[in-house]
Amino acid sequence: LLESSNPRVLSVASVGHFWGGVRFEDLGFEDGKVYDKWLAYGQSKSANILFAVELAERYKNKLTVFSLHPGGAQTGLHHHMTKEDYEKFSDYYHPDGTVKGDWTRPVEQVAAS
């Protein structure tokens with residue numbers, strides 16, 4: 001990678017990083033005893049951002065590193081959300097699980113980011 005003419009790395013993050021930082025003292029959520037899927041999602045996105053920051057620092061002047069939130073993708077993963085999840089994210093979803101507004105895009109369009 002470093003030998004290419006314009007090396008760069010893209011780390012996909014999300015606004016979900018606001019839901020939880022990296023729990024360095026308890027990365028595994030006490031082996032699942034206190035697991036919270038939204039905190040875990042936030043942690044994974046925060047970790048992606050921190051990875052990009054560290055990679056950029058280690059390879060400055062040799063590698064360009066980006067971390068971005070490409071937007072909401074229409075993956076169908078929301079079908080695995082519970083009624084409580086829809087209530088928690090009521091700004092984004094109707095109680096029946098349909099998306100509010102136009103904040104999602106087809107996967108192909110998101111991947112092109």
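Quick caveat, the model's predicted, so the values are computed rather than measured. (Residues numbered from 1 in each chain as written. Predicted model: local features only at pLDDT ≥ 70, side-chain atom pairs only at ≥ 80, totals over all residues. Heavy atoms only, no water.)

## What about the packing of aromatic side chains?
Right, on to step 1. Taken as a whole and judged by the stated rule, the model has eight aromatic pairs.
Right, on to step 2. Relative to Trp38, the ring of Trp19 has its centre 5.6 Å away and its plane inclined at 90 degrees; by these criteria the two rings are edge-to-face. Remark: Trp38 occurs in helix H1 (residues 37–58) and Trp19 occurs in the loop between strand S1 (8–12) and H1; sequence separation between them is 19 residues.
Right, on to step 3. Overall, the relative accessible area of 34% leaves Trp19 in the partly exposed class. (Phe/Tyr/Trp six-rings, centres within 6.5 Å; stacked < 30°, edge-to-face > 60°. Helix = DSSP H or I, 4+ residues; strand = E, 2+ residues; numbered from the N terminus. Buried < 20%, exposed > 50% of the residue type's maximum accessible area, 1.4 Å probe, protein only.)

## Digging into a nonpolar patch on the surface
Right, on to step 1. On the surface, Val15, Phe18, Trp19 and Tyr41 cluster together to form a nonpolar patch covering roughly 420 Å² of accessible area.
Right, on to step 2. Relative to the helices and strands, Tyr41 resides in helix H1. (Patch = residues over 30% accessible without salt bridge, like charges linked within 9 Å, V, L, I, M, F, W, Y side chains within 5 Å. Areas by Shrake-Rupley, 256 points an atom, 1.4 Å probe, with all protein chains shown as cover. Salt bridge = Lys/Arg side-chain N within 4 Å of Asp/Glu carboxyl O.)

## A look at unusual backbone geometry
Right, on to step 1. Phi angles above zero are rare outside glycine, and Phe29 is one such case at about 55 degrees.
Right, on to step 2. Counting through the fold element by element, Phe29 comes out in the loop between S1 and H1.
Right, on to step 3. A relative accessible area of 3% means that Phe29 is categorised as buried.
Right, on to step 4. With a phi close to 70 degrees, Asn61 is a non-glycine residue in the positive phi region.
Right, on to step 5. Structurally, Asn61 can be placed in the loop between H1 and strand S2 (64–68).
Right, on to step 6. A relative accessible area of 80% places Asn61 in the exposed class.

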